[in-house]
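Inside the fold
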Amino acid sequence: MNFLPVFSHTIDKINEALDEKAVSFNTLSKIFLIDPGLFYNLFIYVAEKNTNADIRLIQSCLSIIGEKGIREIITRSKTVLDLDQEFNYLWAYSMLVRISAESICSKIGIYEKDTAVLASLLPVAGILSIYSKNNLIKVLIPLLLKLNTEDKIFIQEKVFGTNHITEMEILQPIPEILVKIIYMTGIIFSREGKRLEVMDNPSRFSESYDIYQLIKMMELSEAITQSILYPSLIETHERGREYAKKHFQIPESDFEFLLEEVFSEFDSLCHVMQMSCLSEEILQNAGRFTHRSFSFLTTSETFNKELERLYIINREGKNILIYGEPDVGKRLLLASLLQRHDNPNKNKSFISVYCSGINNENFESELFGAKGGFMGFSKHCGSLDIVKENGTILLKNIDMMSIELQERLAKTFFEGFFYKIGDVKPTFFNCRIFMTTRLNPKDSKGISDKLIKIVNPEVFHIPPLRERRDDIELIANAVISKYNLPITDESLFLGLREYYDNHEFRNNLLDLKRLLFYVSARNIIASKKVLDNQ
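Calculation rules
- Residues numbered from 1 in each chain as written.
- Predicted model: local features only at pLDDT ≥ 70, side-chain atom pairs only at ≥ 80, totals over all residues.
- Heavy atoms only, no water.
- Buried < 20%, exposed > 50% of the residue type's maximum accessible area, 1.4 Å probe, protein only.
- Helix = DSSP H or I, 4+ residues; strand = E, 2+ residues; numbered from the N terminus.
- Contact = heavy atoms within 4.5 Å.
- Phe/Tyr/Trp six-rings, centres within 6.5 Å; stacked < 30°, edge-to-face > 60°.
- Axes fitted to C-alpha atoms, helices over the stretch in contact; angles between N-to-C directions.
- Parallel < 35°, antiparallel > 145°, perpendicular 65-115°, else oblique.
- Nonpolar A, V, L, I, M, F, W, Y, C, P; charged D, E, K, R; others polar.
- 1 Å grid on protein atoms, 1.4 Å probe; cavity = no way out; pocket = protein on both sides within 12 Å on 5 of 7 lines; lining within 4 Å.
- Points joined across faces, edges and corners; volume = space filled by probe spheres on them.
- Expected span 1.5 Å × (residues − 1).
- Salt bridge = Lys/Arg side-chain N within 4 Å of Asp/Glu carboxyl O.
- Pairing = 2+ DSSP bridges.
- Core = buried A, V, L, I, M, F, W, Y, C linked by side-chain atoms within 4.5 Å.
- Polar contact = N/O pair within 3.5 Å; in protein donor to acceptor, adjacent residues only side chain to side chain.

Along helix α6 (residues 113-120), 7 of the 8 residues are buried, which leaves the element largely enclosed by surrounding structure. Structurally, α6 contributes buried residues whose contacts are with α3 (36-49), α4 (58-76), α5 (85-108), α7 (122-133), α11 (176-188) and α12 (209-229).

Shown next, in the form of structure tokens:
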């Protein structure tokens, strides 16, 4: 069978190592780990030669095939990629993903690192597989690396008629563990780029739960990587925090430390590979980014009056609840409220809590924190501890927390104090409360009446895009700027305006972003073909 493309600089290092008389398998395994194509090709080769074995460790693979097998892998890896601009970032992306998976493994300690790396590198391996058949995907790499799994699949299917998961499904033979990961990923994500929520939450007692966790590790590793490479994509940063807490019990307050740890390891790797200029470039890009002030703009006079009312409420320091359909801009509006010059809590601490990740097991740990040394809990700050001195806490999707826990939270807000795990002294707090929900709190049974009564928030509704037609172009231009999309031709804008006026936008901003991503992808490829024909 065909092997995946590999990077020229790692092939050179493998050959140099093999030319040494007493090279160790440990040294060779480190080189295989710095090339996603080479890493996958090793496991493909071993599965091909040992069909009855399910080997998951690099050093075990190398000891089985020996020098002869390694040289055969190099010979059969015919597509060799030089590190130009696109492949430079693909390599950096794959290494950050790998290091992220290893760091998560070190924290939770339930998977072999090589298995975690196999799972986390699946999207990159799929892109390499598509490249081996259609090298036009190369010009889309800068765009694809910014997207989440659903959007990657959507664009790949629209442009190439395949996607990175489908490509891996036809990649045989491969280790059994990888077969299971790819199969379950293909169930969770449809070829239309939709996440099937009903399949995306198996019981922790089911046989598939371990495989599901590896898929979540893949998504978290990508979110960490994108947070480092593209700091302006705030939603990616938020998704990383949510996955870290919800699936791996990594407190939100530790997420920044995780980013620093991953980048530090990547920087060290670049130094060893004599590629320090690459890590310096990434660091400089991050340094140039500043959290700009957010504006929630509208062309509607009526909606603008409602916003003005909200700004007055915000200036008074009141608690606020914003509701609306998914992806209408609730997070953006709250961000703009937080950063307004007249927000009395602007310079105080802030933390967001993803209520879908709060359950009976982690409620106290996440919200109250732990003193440390009590029943194995390490010392850490809970969300309320972080904002206890006039900070702001955002309870995101409060309707996704059980009513029982909402009422427990209401009791805590009413009392104004809590006990850290293992502490006998109460911690008093005074914070401002923001909440978001998909549901109108007046009509919903998913939100506790007791919580609403005690928090007493001012309620604000954001209408869906289909009811804000005049705002769509304004929002679209902001997306184009944020993702640096190559949409500048006036003829493209004319076509988009017609779409803005007629499309239903059932999924609000999700549909709008996908439209812009797709138009960008087609424009990039068309420009490449024009250049090739000159």
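Time to look at the packing of aromatic side chains. Under the criterion given, the structure shown has 16 aromatic pairs. Considering the side-chain rings of F263 and F266, the 6.2 Å spacing of their centres and the 45° angle between planes classify their relative orientation as tilted. Pair noted here: F263 and F266 are both in helix α14 (residues 255-272), with a separation of 3 residues, about one helical turn. Since its relative accessible area comes to 0%, F266 is described here as buried. Taken together, a centroid distance of 5.0 Å and an interplanar angle of 75° make the contact between Y483 and F517 edge-to-face. Taken together, the residues span a long stretch of sequence, with Y483 in the loop between α22 (469-482) and α23 (490-502) and F517 in helix α24 (residues 509-533) at a distance of 34 residues.

The next point concerns the packing of helix α1 (residues 8-19) against helix α2 (residues 25-32). Two elements in contact, α1 and α2, have axes whose closest approach is 10 Å; the angle formed by their N-to-C orientations is 170°. With respect to each other, α1 and α2 are oriented roughly antiparallel. Here α1 contributes T10, K13, I14, A17 and L18 to the contact with α2, which in turn contributes L28, I31 and F32. Considered class by class, the residues forming the contact of α1 with α2 number 6 nonpolar, 1 polar and 1 charged.

Quick look at empty space enclosed by the protein now. Gaps left between atoms show up when a probe the size of a water molecule is rolled over them. Under the criterion given, the structure shown has 3 cavities of 30 Å³ or more. Considered as a void within the structure, the largest cavity measures approximately 40 Å³ in volume. Together, N148, T149, E150, R195, E219, E222, R239 and Y243 line the largest cavity.

Attention now goes to helix α9 (residues 149-160). One full turn of an α-helix is made of 3.6 residues, so residues set three or four places apart face in the same direction. For α9, which comprises 12 residues, the first-to-last C-alpha distance of 16 Å matches the rise-based estimate of 16 Å (1.5 Å per residue) to within 8%. Most of α9 is tucked away, with 10 of its 12 residues classed as buried. Those residues of α9 that fall on the buried side of the exposure criterion are T149, E150, D151, K152, I153, F154, I155, Q156, E157 and F160. Tucked inside the fold, the buried residues of α9 contact α5, α7, α8 (141-144), α10 (164-169), α12 and α24. Where α9 ends, the next residue or the one after it, G161, has phi of about 70°, a positive value.

What follows is about the pattern of salt bridges. When the charged atoms of two side chains lie near each other, side chains of opposite charge can form a pair. Tallied over the full model, the rule gives 35 salt bridges. Between R191 and E157 there is a salt bridge, and its shortest N-O distance comes to 2.7 Å. Taken together, the residues R191 in the loop between α11 and α12 and E157 in helix α9 connect sequence positions 34 residues apart. Accessibility expressed as a relative area gives 41% for R191, which makes it partly exposed. Residue E157 is classed as buried on the basis of its relative accessible area, which comes to 18%. D385 is the partner of K420 in a salt bridge, and the nearest nitrogen-oxygen pair spans 2.9 Å. In this pair, K420 sits in the loop between β8 (417-418) and β9 (427-428) while D385 sits in helix α19 (residues 383-386), placing the two residues 35 residues apart along the sequence. No difference in accessibility class separates K420 from D385, as the two residues are buried.

With that out of the way, let us pick up the sheet that holds strand β4 (residues 350-354). Pairing is parallel across the open sheet formed by 5 strands, whose spatial order is β4-β7-β10-β3-β11. Only two strands of the sheet have a single neighbouring strand rather than two, namely β4 and β11 (458-461). Between one strand axis and the next, the sheet turns through 20° on average, direction left out of account. Bridge analysis of strand β3 (residues 320-323) against β11 gives 4 bridges, and the strand direction is parallel. Directly across from Y323, in β11, lies its bridge partner H461. Contacts between helix α17 (residues 330-339) and the sheet are confined to β3, β4, β7 (389-396), β10 (430-437) and β11, with β3 contributing the most and set at about 155° to the helix.

Among the secondary structure elements, Q156 is positioned in helix α9. The class of Q156 is buried, set by a relative accessible area of 0%.

Let us now look at the environment of I386. With respect to the helices, strands and loops of the structure, I386 is situated in helix α19. C-alpha separation for the pair I386 and T166, spaced 220 residues apart in sequence, amounts to 44 Å. The residues contacting I386, other than those within four sequence positions of it, are S253, S349, I351 and C381.

Attention shifts here to the nonpolar core. If you look at the biggest cluster of nonpolar residues, it comprises 130 residues, and the most contacted ones within it are Y40, W91, F266 and L516. No other element matches α5, which puts 13 residues into this core. Core analysis: the second largest hydrophobic core is formed by 26 residues, L367, A410, F413 and L451 among them.

This part covers the environment of L62. By the secondary structure assignment, L62 is in helix α4. A residue is classified by how much of its surface remains accessible, and L62, at 0% relative accessible area, is buried. Residues L62 and S444 lie 382 residues apart in sequence; the distance between their C-alpha atoms is 58 Å.

Attention now goes to the side chain of N41. Here N41 is to be found in helix α3. At 2.9 Å, the side chain of N41 forms a polar contact with the backbone nitrogen of L4. Excluding its chain neighbours within four sequence positions, the residues that come into contact with N41 are F3, L4, V6, I73 and S77.

Keep in mind these values describe shape, not function.
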